[in-house]
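Residues per chain are reported as follows:
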Amino acid sequence: MNPSVAIIDIGSNSIKSLVASRVDSGEIETLAAESLDARISAGISRAEPRLGAEGMARGLDAIRTLLAQAAPFGPAKTVLVATSAVRDAQNGGAFRARVHAATGHEIRILTGEEEANLIGRGLTTDPALAALRDFHVLDLGGGSLECLAFCDRRIVRAASLQLGCVRLTEKFVADPAAPFSAEAGAEIARHVRAELARVGYEFGLRGAAAVGTGGTLATVRAILGERAGVAFEATSALVTVETLHELLRWLGALPLDARRKISGLPPERADVFPTALATIIAVAEVG
């Protein structure tokens, strides 16, 4: 077997691992993959963002768990990368030192530009997207939103915006335990439009597909699958904006306790999920 590589991706909402190797044909083979919700980004919307003690503890526990799961594959190299939450936090260095002391591994902080471009490089290796030439990518996380435009499968525009669902929930939702208000949705939409305008990001590829990545749209598919009584793999990969509107109208009217009982919606994401839907809808409508 060819040597494997293990990657730990320390995101704002979830921490993911991938163990993979390159087969003789040159393609990448996934040996193991896992995602753990850790929400290290609580408090990220403050003027002087800092990682909280509980969030750092959850993050360290998740990293230890994922490293232990990767160990049996004997990876020749293990790389830890972090994105918006650690990148923006004033005490991100303290978290990195804590992880290094506990695991012996350094954390590489990706810039917003690096994060966006690496997302794009990863997507071009996906066989399911092999037929796409011109397309947009929306990758929504807890701390940031990455927007990319591909023309003839090459990145022609990329932006990393502070529009993550944890960040915007803290900023615009006064009480996440209450139903999601129309006022909060309108404020989020205005903020999304203003941020896109501020950086001058344009959706100029007419007729191009839009590819959504991240936990939000995976959760949408999971909810739709539960409704239809089919496995996630059997759900359609095409989700319309009207479907997103319908889901937001339905679950946004529910208090947090009721949202946590929705099949397909991870309970730990129920507080930020309405904001995530509102954000994706706002970006899609701008596009």
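Scroll up to find the structure this text is about.
These notes cover the structure that comes with them.

Thresholds, definitions, all that
Residues numbered from 1 in each chain as written. Predicted model: local features only at pLDDT ≥ 70, side-chain atom pairs only at ≥ 80, totals over all residues. Heavy atoms only, no water. Axes fitted to C-alpha atoms, helices over the stretch in contact; angles between N-to-C directions. Helix = DSSP H or I, 4+ residues; strand = E, 2+ residues; numbered from the N terminus. Parallel < 35°, antiparallel > 145°, perpendicular 65-115°, else oblique. Contact = heavy atoms within 4.5 Å. Nonpolar A, V, L, I, M, F, W, Y, C, P; charged D, E, K, R; others polar. Buried < 20%, exposed > 50% of the residue type's maximum accessible area, 1.4 Å probe, protein only. Pairing = 2+ DSSP bridges. Polar contact = N/O pair within 3.5 Å; in protein donor to acceptor, adjacent residues only side chain to side chain. Phe/Tyr/Trp six-rings, centres within 6.5 Å; stacked < 30°, edge-to-face > 60°. Core = buried A, V, L, I, M, F, W, Y, C linked by side-chain atoms within 4.5 Å. Salt bridge = Lys/Arg side-chain N within 4 Å of Asp/Glu carboxyl O.

### Remarks on the packing of helix H7 (residues 215-228) against helix H10 (residues 273-286)
Moving on, step 1. Remark: H7 packs on H10, axes separated minimally by 10 Å, with the N-to-C direction vectors making an angle of 105°. One finds that H7 runs roughly perpendicular with respect to H10. Where H7 approaches H10, its residues Thr 216, Thr 219, Val 220 and Ile 223 are matched on the opposing element by Phe 273, Ala 276, Leu 277 and Ile 280.
Moving on, step 2. Of the residues assigned to the contact of H7 with H10, the class counts are 6 nonpolar, 2 polar and no charged.

### Focus on the environment of Leu 205
Moving on, step 1. Tracing the chain through its elements places Leu 205 in the loop between helix H6 (182-199) and strand S9 (209-213).
Moving on, step 2. Relative accessible area serves as the criterion here: at 18%, Leu 205 is assigned to the buried category.

### What about the sheet that holds strand S4 (residues 77-82)?
Moving on, step 1. With mixed pairing, 5 strands are arranged side by side in an open sheet as S3-S2-S1-S4-S5. Edge positions in the sheet fall to strand S3 (28-37) and strand S5 (107-109), since each of these pairs with one other strand and no more. Between one strand and the next, the sheet's axes are offset by a mean angle of 20°, whatever the strand orientation.
Moving on, step 2. Bridge count for strand S1 (residues 4-10) against S4 is 6 bridges, and the pairing is parallel. Its bridge partner lying in S4, Asp 9 is registered against Val 81.
Moving on, step 3. The strands touched by helix H1 (residues 53-70) within the sheet are S1, strand S2 (14-22), S3 and S4, with S2 carrying the most contacts at an inclination of about 20°.

### Considerations on the environment of Ala 174
Moving on, step 1. Among the secondary structure elements, Ala 174 is positioned in the loop between helix H5 (165-172) and H6.
Moving on, step 2. Exposure remark for Ala 174: the relative accessible area of 85% places this residue in the exposed category.
Moving on, step 3. Considered as a pair, Ala 174 and Leu 123 are 51 residues apart in the sequence and their alpha carbons are 36 Å apart.

### Looking at the side chain of Arg 167
Moving on, step 1. Looking at the element boundaries, Arg 167 is found in helix H5.
Moving on, step 2. Of the polar contacts made by the side chain of Arg 167, one reaches the side chain of Asp 88; its length is 2.7 Å.
Moving on, step 3. Aside from chain neighbours lying at most four places away, what touches Arg 167 is Ile 44, Ser 45, Ser 84, Asp 88, Gly 142, Gly 143 and Gln 162.

### A closer look at the packing of aromatic side chains
Moving on, step 1. Going through the model one piece at a time under the given rule, you end up with 2 aromatic pairs.
Moving on, step 2. When the ring of Phe 135 is compared with that of Phe 150, the centres are 4.4 Å apart and the planes differ by 5°; the resulting orientation is stacked. Residue Phe 135 is found in strand S6 (residues 135-140), and its partner Phe 150 is found in strand S7 (residues 145-151); the two are separated by 15 residues along the sequence.
Moving on, step 3. A residue is classified by how much of its surface remains accessible, and Phe 135, at 1% relative accessible area, is buried.
Moving on, step 4. The exposure class assigned to Phe 150 is buried, which follows from its relative accessible area of 1%.
Moving on, step 5. For the ring pair Tyr 201 and Phe 203, a centre distance of 5.1 Å and an interplane angle of 70° mean the geometry is edge-to-face. Judged on exposure class, the residue Tyr 201 and its partner Phe 203 are both buried.

### Observations concerning the nonpolar core
Moving on, step 1. Residues Val 192, Leu 196 and Leu 277 are the most contacted members of the largest nonpolar core, which totals 41 residues.
Moving on, step 2. Listing elements by their share of this core, those giving two or more residues are S6, S7, strand S8 (154-161), H5, H6, H7, helix H8 (241-252) and H10.
Moving on, step 3. Every residue in contact with Val 192, bar those within four places of it in the chain, is listed here: Leu 163, Leu 168, Thr 279, Ala 282 and Val 283.
Moving on, step 4. One finds Ala 38, Ile 40, Leu 60 and Leu 67 within the second-largest nonpolar core, a separate group that totals 21 residues.

### Let's talk about the pattern of salt bridges
Moving on, step 1. Across all of its chains, the model carries 10 salt bridges by this definition.
Moving on, step 2. A salt bridge links Asp 88 to Arg 167, with the shortest nitrogen-to-oxygen separation between them at 2.7 Å. Of this pair, Asp 88 sits in helix H2 (residues 84-88) while Arg 167 sits in helix H5, and the two are 79 residues apart along the sequence.
Moving on, step 3. A residue is classified by how much of its surface remains accessible, and Asp 88, at 23% relative accessible area, is partly exposed.
Moving on, step 4. A residue is classified by how much of its surface remains accessible, and Arg 167, at 7% relative accessible area, is buried.
Moving on, step 5. Measuring nitrogen to oxygen at the nearest pair gives 3.2 Å for the salt bridge that ties Glu 114 to Arg 108.

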